[in-house]
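Spelled out, the chains give:
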Amino acid sequence: MNRIKEVLEEKGIKQIWLAEKLGKSYNMVNGYVQNRQQPRLEILFEIAEILEVSVKELLLEKNKDAE
């Protein structure tokens, strides 16, 4: 499972924008966002770079108790 959807929402970024930046189809990115499929590791690193977050942020659920 990944947190791409949450990060996109937090940053106010649309899936179509991410798809264009990655050079992937909207359907492919939507599959990542909906966790129907997981991106290859190199694509995950590229997504993290585009979204300006760490790969760890895309993979680990945020600790809701942390302040």
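Nothing here was measured: the structure is a model prediction, and the numbers come from that model. The residue numbers shown here count from 1 along each chain, following its written sequence. Confidence filtering applies because this is a predicted model: local features only for residues at pLDDT of at least 70, side-chain atom pairs given and counted only at 80 or more, and all residues used for totals across whole chains, interfaces and linings. Side-chain measures here rest on the full set of heavy atoms in the structure, leaving out hydrogens and waters.

**Side note on the side chain of N30**
Phase 1 of the analysis: Secondary structure elements are taken from DSSP: a helix is a run of H or I of four residues or more, a strand is a run of E of two residues or more, and numbering for both begins at the N terminus. Structurally, the position occupied by N30 is in helix α3 (residues 26-33).
Phase 2 of the analysis: According to the relative accessible area criterion, N30 is buried, its value standing at 14%. Think of it in three bands: residues with accessible area under 20% of the maximum for their type are buried, residues over 50% are exposed, and the middle band is partly exposed, with areas taken using a 1.4 Å probe on protein chains only.

**Quick look at the confidence of the model for the protein**
Phase 1 of the analysis: Per-residue pLDDT for the protein averages 92, and the proportion of residues at 70 or more is 93%.
Phase 2 of the analysis: By mean pLDDT, helix α5 (residues 55-59) is the weakest element of the protein at 93, and helix α2 (residues 15-22) is the strongest at 98. Summary of the metric used: pLDDT quantifies the predictor's per-residue confidence within the range 0 to 100.

**Some words on the packing of α2 against α3**
Phase 1 of the analysis: It is at 9 Å that the axes of α2 and α3 come closest, and there the two elements cross at 115°. Handedness of the α2/α3 crossing: right-handed. Between α2 and α3, the contacting residues are Q15, I16, L18, A19 and L22 on the first element and Y26, V29, N30 and V33 on the second. Geometry is summarised by axes, namely lines fitted to C-alpha atoms with helices restricted to the contacting stretch, and by angles between N-to-C directions that run from 0 to 180 degrees. In a left-handed crossing the near helix is turned counterclockwise from the far helix by less than a right angle, and in a right-handed crossing that turn is clockwise. Two residues form a contact once any of their heavy atoms are found within 4.5 Å.

**As for the nonpolar core**
Phase 1 of the analysis: Buried Ala, Val, Leu, Ile, Met, Phe, Trp, Tyr and Cys residues form a nonpolar core when they are joined through side-chain atoms within 4.5 Å. Of all hydrophobic cores here, the largest spans 17 residues; its most connected members are I4, L18, I47, L51 and L58.
Phase 2 of the analysis: For this core, the secondary structure elements donating two or more residues are α1 (4-11), α2, α3, α4 (41-51) and α5.
Phase 3 of the analysis: Per-element accounting of this core gives the leading share, five residues, to α4.
Phase 4 of the analysis: The residues touching L18, leaving out its near neighbours within four places in the chain, are I4, L8, V29, I47, I50 and L51.

**Comments concerning a nonpolar patch on the surface**
Phase 1 of the analysis: On the surface, I16, W17 and Y26 cluster together into a nonpolar patch covering about 280 Å² of accessible area.
Phase 2 of the analysis: Relative to the elements of secondary structure, W17 occurs in helix α2. Exposure above 30% relative accessible area and no salt bridge define the residues that can form patches, which grow by joining like charges within 9 Å and nonpolar side chains of Val, Leu, Ile, Met, Phe, Trp and Tyr within 5 Å. Values of accessible area rely on a 1.4 Å probe in the Shrake-Rupley scheme; residue burial ignores everything except the protein chains shown. We define a salt bridge as a contact between a side-chain nitrogen of Lys or Arg and a carboxyl oxygen of Asp or Glu at a distance within 4 Å.

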